[in-house]
Amino acid sequence: MSRVIVKSVCPLNCPDSCGIVTTVEDGQVVRTTGDPDHPITRGWLCRKGVRYLERHTSPERVLYPLRRVGPKGEGRFERISWDAALDIICERWQAIVAEYGAEAILPYGYSGTMGVVQRTAGERRFLNRLGASVLDRSICSEAGHAAMQATLGGSFGADPEEIPSSRLILVWGYNPAATNPHAVPLIQEAKQNGARVVVIDPRVTETTRFADRHVRPYPGTDGALALGIVNVLFAEGLADLDFLADRSVGWELLRDRAAEFTPERVAEIARLPAAEIRELARLYAETRPGLILTGPGLQRHTNGGQAMRCLLALPAVTGQYGLHGAGFLYNNRYLAWDPELVGHDAELRRGTPRTLSINRIGEALLSAEPPVKSLLVVNGNPAAVAQHQSKVIAGLLRDDLFTVVHEVFPTDTVRYADIVLPATMQLEQLDLHLSYWSLHLRLNLPAVAPPGEARSNLDFYQALARRMGFAEPCFRMSAEEIARELLQTPSPLLEGITWARLLAEPSVRLTMPSRPWVPFADGRFPTPSGKLELYSERLARQGLDPLPGWAPEAESAQASPSLFARYPLKLLTPKEQHFLGSSFANLPTFRQLAGEPTVELSRSDAEARGIRDGALVEVVNDRGSCTLRARVGESVRPGVAVSEVVHWQQSSPGGRNVNWTTPDYLTDLGGNSCFHTNLVEIRAVPDHRDGVAAPAEKL
Ligand SMILES: Nc1nc2c(c(=O)[nH]1)N[C@H]1C(S)=C(S)[C@@H](COP(=O)(O)OP(=O)(O)OC[C@H]3O[C@@H](n4cnc5c(=O)[nH]c(N)nc54)[C@H](O)[C@@H]3O)O[C@H]1N2
Ligand SMILES: Nc1nc2c(c(=O)[nH]1)N[C@H]1C(S)=C(S)[C@@H](COP(=O)(O)OP(=O)(O)OC[C@H]3O[C@@H](n4cnc5c(=O)[nH]c(N)nc54)[C@H](O)[C@@H]3O)O[C@H]1N2
Ligand SMILES: [Mo]
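Residues numbered from 1 in each chain as written. Chains lettered and ligands numbered in written order. Predicted model: local features only at pLDDT ≥ 70, side-chain atom pairs only at ≥ 80, totals over all residues. Heavy atoms only, no water.

### Side note on the pattern of salt bridges
Here is step 1: Scanning the model with the defined rule gives 44 salt bridges in all.
Here is step 2: Across the pair aspartate 256 and arginine 255 runs a salt bridge whose closest N-O atoms are separated by 3.4 Å.
Here is step 3: Linked by salt bridges that have partners in common, Asp159, Glu161, Arg509 and Arg515 make up one network. (Salt bridge = Lys/Arg side-chain N within 4 Å of Asp/Glu carboxyl O.)

Spelled out as structure tokens, the structure:
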């Protein structure tokens, strides 16, 4: 028997970016375990990671190229060869380019795999050379990044490995126990060192279970809540005026703005007791060092960018930037790969094609001018994860749209494809992974050969490039050559980081100037003024509010009273811990662990609507509707409903998931998605699951 141990990285869109040790026996993967020597993974994997092999070896995998033989949406295909598939694609594209220009081809994708080679480099090079429309991929976290850029001058904050040094941790609109599991032991370590943990979330989560305190604001009001805290800090002499005077710009203006946000006014907006706001402000000022931990969930509201600006102001007002164990931690972008090395932009780019937002994919397919004639889906599942599904599905059903999908599984999107191509999975490809949270870099090496005729994203793009006659040498580079090329990115953070070290070490930490690494310890911020910009001239010039502020969400009692009268429940759709986006939601074990798609609502809201726990309900607004099973209890506050995501449409009742209701607004900063700005009504429907209405006693 031959036995090999291979270094792998979990490729999922998760901050942890875990080190995996893969055991291969006789050419088969027999085990994947957490790397004990990886400083974040520390030898254990999450509920998805421990069962990673079930995904890898699933009999549902797409193994051969397919051509559609039935109507779009039906999912009937016949097997064809790679050569035939590439011929069909290139013929269609050449005709489209001749008639409409290359901009008529639109890529779609986000986070199927997170390595820089397979996710980004191969793709960007090909799309540059093709001259396709550019996809603004701001579905996830860009409002927060824009807020950080404006305030701090860069999208980076505390080193997660320093969490244990905090004495107060505000976990704000973020659910790490489900979405960033390896943050939990670090938070627990802080607790053992005496830290208090406050979770600020409208609902009970896996994370609130180990919190010392749970503050439950009404969604979309966090900006007001943070300004209420700023109000108290100034009013009670708890603000660090020396820090503000030395290191920030615009603090007097912020103080004046916050004067409007008295605890009494914020209490009404956030539906919290005024006393709780005061207590929170005092606790935050007095329990130092205090760290704000937040995630992308919080900013998926139309006012999400400004909410993040308000949160970012709190460590400034209390003088807690540059302090070990304090500050702010969201997603970290310390190292940016050189765009020239990633996409060979200067060499390959043809003109300046238009940009279309990923958050308006339905709109793009239905009404972009000039029209989108072909959609190329790689690393994404728009027919499940995208907002405003009535538009997305109508777009995908267009007869004159030529849709190509490169996938691992027969997803909802695959059902609308003209051509389907089989993709490899992580254990079959080489890639380089930089965490977007910790400061670690790790190499993923192929452990086994691809099954069937699966090809990696890079191989797929290179095959397309050859067929399209693109002769540039970069289209012949191997994954390893590309990874080595990227390491040439000019950055002090990569100093001393070599291919040999990547091969030898379980993870390579970015070369930070010091350890412990405490950002902004020198008092300087990479903003235009060199100071922390509470007032941002750059935002002012763009016609945006230059100060952290709060305005009601686009869908709310204040901003849209007549809509609110018809749809009084705010629906949040946060992440299910056994899925990753829509990944895993087709696999039997994970579906069983997650359970069927549900909507949680409070007892009072349920009673007012005659809804019992366990009943099937219809969730509806003007965009669309879906059917979910009601869970009634106290896990959500009145006025709020919660449905965890992302279930596939094809396994949802009536073939529709919750994204039939979610909107395609863009955030105030960063052009981000706004999944949570979503007013709905919920109605009881008879349970016809087994052909008969469920008897009342059973519920
Ligand atoms: N209602 C609601 N919807 C949401 C969200 C929400 O909070 N609420 N969150 C949004 C957010 S934050 C995000 S990031 C998006 C996530 O959206 P996506 O990035 O689209 O995530 P996935 O659903 O995981 O889809 C990725 C697809 O890529 C495929 N894949 C995996 N590896 C590879 C590979 O190597 N090559 C190729 N070609 N394909 C591969 C997977 O099988 C999967 O179908 O969802 C968004 N949707
Ligand atoms: N298991 C699992 N892990 C994942 C993912 C997954 O799908 N499954 N997805 C990955 C991706 S793509 C992302 S972007 C991250 C997201 O990571 P998180 O940001 O942690 O995820 P969410 O569940 O979207 O949102 C976190 C919390 O924000 C709360 N929230 C929503 N609106 C508000 C509000 O207005 N105010 C406050 N205070 N709280 C609010 C929700 O109730 C939720 O509990 O997770 C990543 N990790
Ligand atoms: Mo995301």
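Now, onward.
### Notes on unusual backbone geometry
Here is step 1: Following arginine 515, the chain continues into proline 516 via a peptide bond in cis, with omega recorded as 0°.
Here is step 2: One can find proline 516 in the loop between strand 20 (508-509) and strand 21 (532-533).
Here is step 3: Here the bond from valine 645 into valine 646 is cis, since omega is 0°, no more than 30 degrees from zero.
Here is step 4: Following the sequence through the fold, valine 646 ends up in the loop between strand 26 (640-642) and strand 27 (679-684).
Here is step 5: Unlike most non-glycine residues, histidine 344 shows phi in positive territory, near 45°. (Helix = DSSP H or I, 4+ residues; strand = E, 2+ residues; numbered from the N terminus.)

### Thoughts on the sheet that holds strand 18 (residues 431-434)
Here is step 1: Pairing is antiparallel in the open sheet, where three strands are placed in the order 18-19-20. The sheet is open, and its two borders are formed by strand 18 and strand 20, each paired with just one other strand.
Here is step 2: As paired strands, strand 18 and strand 19 (residues 440-444) are joined by four bridges and run antiparallel to one another. Looking at the pairing, aspartate 431 lines up with asparagine 444 of strand 19. (Pairing = 2+ DSSP bridges.)

### Things to note about the packing of aromatic side chains
Here is step 1: All chains considered together, the criterion is met by 14 aromatic pairs.
Here is step 2: Centre to centre, the rings of phenylalanine 156 and tyrosine 334 are 4.8 Å apart; their planes meet at 25°, and the pair counts as stacked. In this pair, phenylalanine 156 sits in the loop between helix 4 (142-152) and strand 8 (168-172) while tyrosine 334 sits in the loop between strand 13 (327-329) and helix 13 (339-343), placing the two residues 178 residues apart along the sequence.
Here is step 3: Seen from their ring centres, phenylalanine 470 and phenylalanine 475 are 6.0 Å apart, and the 40° between their planes marks the pair as tilted.
Here is step 4: Among the residues examined, phenylalanine 470 registers a relative accessible area of 9% and is labelled buried.
Here is step 5: Judged by its relative accessible area of 4%, phenylalanine 475 falls in the buried class.
Here is step 6: Of the aromatic side chains, those joined through ring pairs into one cluster are Trp82, Trp93, Phe126, Phe460, Tyr461, Phe470 and Phe475. (Phe/Tyr/Trp six-rings, centres within 6.5 Å; stacked < 30°, edge-to-face > 60°. Buried < 20%, exposed > 50% of the residue type's maximum accessible area, 1.4 Å probe, protein only.)

### Points about the sheet that holds strand 24 (residues 616-621)
Here is step 1: Strands sit in the order 22-26-23-25-24-27 around a closed barrel of six strands; the barrel is mixed. Taking each pair of neighbouring strands and ignoring which way they run, the sheet shows an average axis angle of 45°. (Axes fitted to C-alpha atoms, helices over the stretch in contact; angles between N-to-C directions.)

### Observations regarding the nonpolar core
Here is step 1: Trp93, Phe126, Trp172, Tyr321 and Trp337 are the most contacted members of the largest nonpolar core, which has 118 residues in total.
Here is step 2: A total of nine residues in this core trace back to one element, the largest contributor, which is helix 7 (residues 222-235).
Here is step 3: Discounting chain neighbours no more than four positions away, the residues touching tryptophan 93 are Ile105, Phe126, Leu130, Ser374, Leu376, Phe402, Leu464 and Met468.
Here is step 4: Within the second largest apolar cluster, 49 residues are counted, among which are Ala386, Tyr416, Val658 and Trp660. (Core = buried A, V, L, I, M, F, W, Y, C linked by side-chain atoms within 4.5 Å. Contact = heavy atoms within 4.5 Å.)

### Side note on the side chain of threonine 413
Here is step 1: Along the chain, threonine 413 falls in the loop between strand 16 (402-407) and strand 17 (419-422).
Here is step 2: Look at threonine 413 and you get buried, because its relative accessible area is 1%.
Here is step 3: Among the polar contacts listed, one links the side chain of threonine 413 to the backbone nitrogen of alanine 383, at a separation of 3.0 Å.
Here is step 4: With sequence-adjacent residues up to four places away left out, threonine 413 is seen in contact with Val377, Asn381, Pro382, Ala383 and Val405. (Polar contact = N/O pair within 3.5 Å; in protein donor to acceptor, adjacent residues only side chain to side chain.)

### Details of the site of ligand 1
Here is step 1: Looking at ligand 1, there are 31 residues lining it, with Ser111, Glu407, Asn457, Ser582 and Ser583 nearest.
Here is step 2: At 3.2 Å, a backbone N or O of asparagine 381 approaches an oxygen atom of ligand 1.
Here is step 3: In the environment of ligand 1, a nitrogen atom lies 2.9 Å from a nitrogen or oxygen atom belonging to the backbone of histidine 406.
Here is step 4: Looking at side-chain class alone, the shell around ligand 1 contains 10 nonpolar, 17 polar and four charged residues. (Near = heavy atom within 4 Å. Nonpolar A, V, L, I, M, F, W, Y, C, P; charged D, E, K, R; others polar.)

### A word on the site of ligand 2
Here is step 1: Every one of the 33 residues lining ligand 2 counts as a neighbour, but Thr179, Asp201, Asp222, Gly297 and Phe579 are closest to it.
Here is step 2: The contact in question runs from a nitrogen atom of ligand 2 to an N or O atom on the side chain of aspartate 222, over 2.6 Å.
Here is step 3: When ligand 2 is considered free in solution it has 910 Å² of accessible area, and contact with the protein chains removes 98% of it.
Here is step 4: When grouped by side-chain class, the residues that make up the shell around ligand 2 number 14 nonpolar, 12 polar and seven charged. (Areas by Shrake-Rupley, 256 points an atom, 1.4 Å probe, with all protein chains shown as cover.)

### Some remarks on the state of the cysteines
Here is step 1: Considering all chains together, one arrives at zero disulfides under this definition.
Here is step 2: Cysteine cysteine 90 shares no disulfide, and the gap to the nearest cysteine sulfur, in cysteine 474, comes to 16 Å.
Here is step 3: Left unpaired, cysteine 626 is separated from the closest cysteine sulfur, that of cysteine 674, by 19 Å. (Disulfide = S-S within 2.5 Å.)

### A look at empty space enclosed by the protein
Here is step 1: Applying the stated criterion across every chain yields a total of six cavities of 30 Å³ or more.
Here is step 2: Space inside the second largest cavity adds up to approximately 60 Å³.
Here is step 3: Of the residues belonging to the lining of the second largest cavity, the class tally is eight nonpolar, three polar and two charged. (1 Å grid on protein atoms, 1.4 Å probe; cavity = no way out; pocket = protein on both sides within 12 Å on 5 of 7 lines; lining within 4 Å. Points joined across faces, edges and corners; volume = space filled by probe spheres on them.)

### Observations concerning the environment of alanine 102
Here is step 1: Turning to its location among the elements, alanine 102 is positioned in the loop between helix 2 (82-100) and strand 6 (105-108).
Here is step 2: On the basis of relative accessible area, alanine 102 is assigned to the buried category, the value being 14%.
Here is step 3: Linking alanine 102 and glutamine 28, residues 74 residues apart in sequence, is a C-alpha distance of 42 Å.
Here is step 4: Leaving out residues up to four positions away in the same chain, alanine 102 has contacts with Val97, Leu130, Gly131, Ala132 and Ser133.

### Considering the packing of helix 10 (residues 263-270) against helix 11 (residues 274-286)
Here is step 1: One way to put it is that helix 10 packs onto helix 11 with a least axis distance of 8 Å and a crossing angle of 110°. In terms of their interaxial angle, helix 10 and helix 11 are classed as roughly perpendicular. For the crossing formed where helix 10 meets helix 11, the hand is right-handed. Two secondary-structure elements touch here, helix 10 through Pro263, Glu264, Val266 and Ala267 and helix 11 through Ala274, Ile277 and Arg278. (Parallel < 35°, antiparallel > 145°, perpendicular 65-115°, else oblique. Left-handed = near helix turned anticlockwise from the far one by under 90°.)

### Thoughts on the packing of helix 7 against helix 10
Here is step 1: It is the contact of helix 7 with helix 10, at a shortest axis distance of 9 Å, that shows an interaxial angle of 165°. Our classification of the angle between helix 7 and helix 10 gives roughly antiparallel. For the element pair helix 7 and helix 10, the recorded crossing hand is left-handed. From helix 7, Ala224, Leu225, Gly228, Asn231 and Val232 reach across to helix 10, where they touch Pro263, Val266 and Ile269.
Here is step 2: Residues belonging to the contact of helix 7 with helix 10 are distributed by class as follows: six nonpolar, two polar and no charged.

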